[in-house]
Amino acid sequence: MPSTTFRADAVLFDMDGTLTDSIAAVEAAWGAVAVDLGLDPAEVIAATHGKRAVDNLAFYRPGIRPHEMDAAVEAFEQTILDFADSFQKREARRRRSSGESKYGFSAHAGSDSGESTPVLSPTSAFSSRNGSLSTPSSPTGPTTGTRRPSFATRLSDMLASALPEASDAPVFDESTDEKHADEKRADADIEAAWETEADAVDRSIRILPGVKDMIACIPEGRYAVATSGAKTYAYGAMTRVGITPPPVTITADDKRLKAGKPAPDPFLLAASCLGFDAKHCVVFEDSPSGIRAGVASGATVIAVCTSHERAKIEGCGAHFVVEDMRSVQCRTEGEGEGMRLVFTVEH
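All chains use their own residue numbering, which begins from 1 and follows the written sequence. Totals for whole chains, interfaces and linings use every residue, but because this is a predicted model, local features are given only for residues with pLDDT of at least 70 and side-chain atom pairs only at 80 or more, for both listing and counting. The side-chain numbers reported here are obtained from all heavy atoms of the structure, hydrogens and water having been left aside.

## Quick notes on unusual backbone geometry
Heads up, the condition is: Every helix listed is a DSSP run of H or I at least four residues long, and every strand listed is a run of E at least two residues long, numbered separately from the N terminus.
The linkage connecting Lys261 with the following residue, Pro262, adopts the cis geometry, with an omega of 15°. Turning to its location among the elements, Pro262 is positioned in the loop between strand 6 (249–250) and helix 9 (265–274).

## Section: empty space enclosed by the protein
Our working definition: Here a cavity denotes a set of grid points, spaced 1 Å apart and computed over the protein atoms alone, in which a 1.4 Å probe fits but from which it cannot get out, and a pocket denotes an open set meeting protein on both sides within 12 Å along at least five of seven lines; residues with an atom within 4 Å of a point are reported as lining. Grid points are joined across faces, edges and corners, and a volume is the space filled by probe spheres set on the points. Residues are grouped as follows: Ala, Val, Leu, Ile, Met, Phe, Trp, Tyr, Cys and Pro are nonpolar; Asp, Glu, Lys and Arg are charged; every other residue, Gly included, is polar.
Applying the stated criterion across every chain, the model contains 1 cavity of 30 Å³ or more. In this structure, the largest cavity encloses a volume near 270 Å³. Around the largest cavity, the lining is made up of 22 residues, and of these Asp16, Val26, Gly50, Lys51 and Tyr233 lie nearest the centre. Of all elements in the fold, only helix 1 (23–37), helix 2 (41–48), helix 3 (53–60) and helix 4 (69–98) reach the threshold of two or more residues within the lining of the largest cavity. Among the elements that line the lining of the largest cavity, the one with the most residues is helix 1, at 4 residues. Residues of the lining of the largest cavity, tallied by class, amount to 8 nonpolar, 8 polar and 6 charged.

## As for the sheet that holds strand 2 (residues 10–13)
Our working rule: Pairs of strands are assigned from DSSP output, requiring at least two bridges between the strands. For this analysis, residues touch if any pair of their heavy atoms sits within 4.5 Å. Note on geometry: axes are C-alpha line fits, over the in-contact stretch for helices, and angles between N-to-C directions span 0 to 180 degrees.
What the 6 strands build is an open sheet, ordered 6-5-2-7-8-9; its pairing is parallel. Each edge of the open sheet carries a strand with a single partner, namely strand 6 and strand 9 (320–322). Relative to strand 7 (residues 281–285), strand 2 is paired through 4 bridges, and the arrangement is parallel. Residue Phe13 lies in a different strand from strand 7, and its bridge partner there is Phe284. On the sheet, helix 10 (residues 288–297) packs against strand 7 and strand 8 (300–304) and is oriented at approximately 165° with respect to strand 8.

None of the figures reported here should be taken as evidence of function without further support.
Given below as structure tokens:
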């Protein structure tokens, strides 16, 4: 396999899809927004990937006022973490109720902590249900073997079973109270299906292949994270997989940013905070918008095929496209301020 070796001063990592895999939880959270608005989850999921939640919420929920946006973003990103944690919490409750330890051995169940699965229904803090809920269609197009099953198809099946079947019986006029009661029952059925689906699927956040070794090779002060996630989600995702957020972690709610990806601002700010020119940095990215942001910053961009098929990202301008970070080796050369990072990319 051919390889290329080059040198750089620092590394700028994207987070989701590059360091961590929380795609399943993110898709579920955006799927919740889509279903709540009567939109196709597959389309909303595709349109929002790699972009800041603040930009996506401003587009899909234009009724959110500027002074409410920070709280709306935080609430949305908490739902991502809730989806990620839901399955493990259910398993913990199951083990407690069965007297089974986490290692599978029988044990006396301790006292109940009162911990419960978060309510993950469409009627969240920023819900605007209007009664025109449409059943989402299945996503189209191929998916990669490294990605977990899409949320849209699974939720579509769950909601289809929750909604009442059409009937050929004559339709009689109902009183307003009866109609409201029917709507409430339908909403309750949908929410029950939603929570069942949320608990049934393992959307735990995972560290991606090669990430731990790559971070271990880079000295402190020579790498940063620049993500489209806000602080709640970014710090929550990294700590859940054992990554300590570096001192320079640029999140989407950083007030110094004028624009998010695909604009280069997040990477330019991260490089500046490290004390280096972005042109002498390496960017690791997985999404088309992030890759374009890295290219626009002037950095050397290594795209990883961890969330998109190679064909989807090859035309975005990355200098290298690899399957994951295991295809990239890094070592240091020199000491002190003159230290360089030496990269070898198998491609």
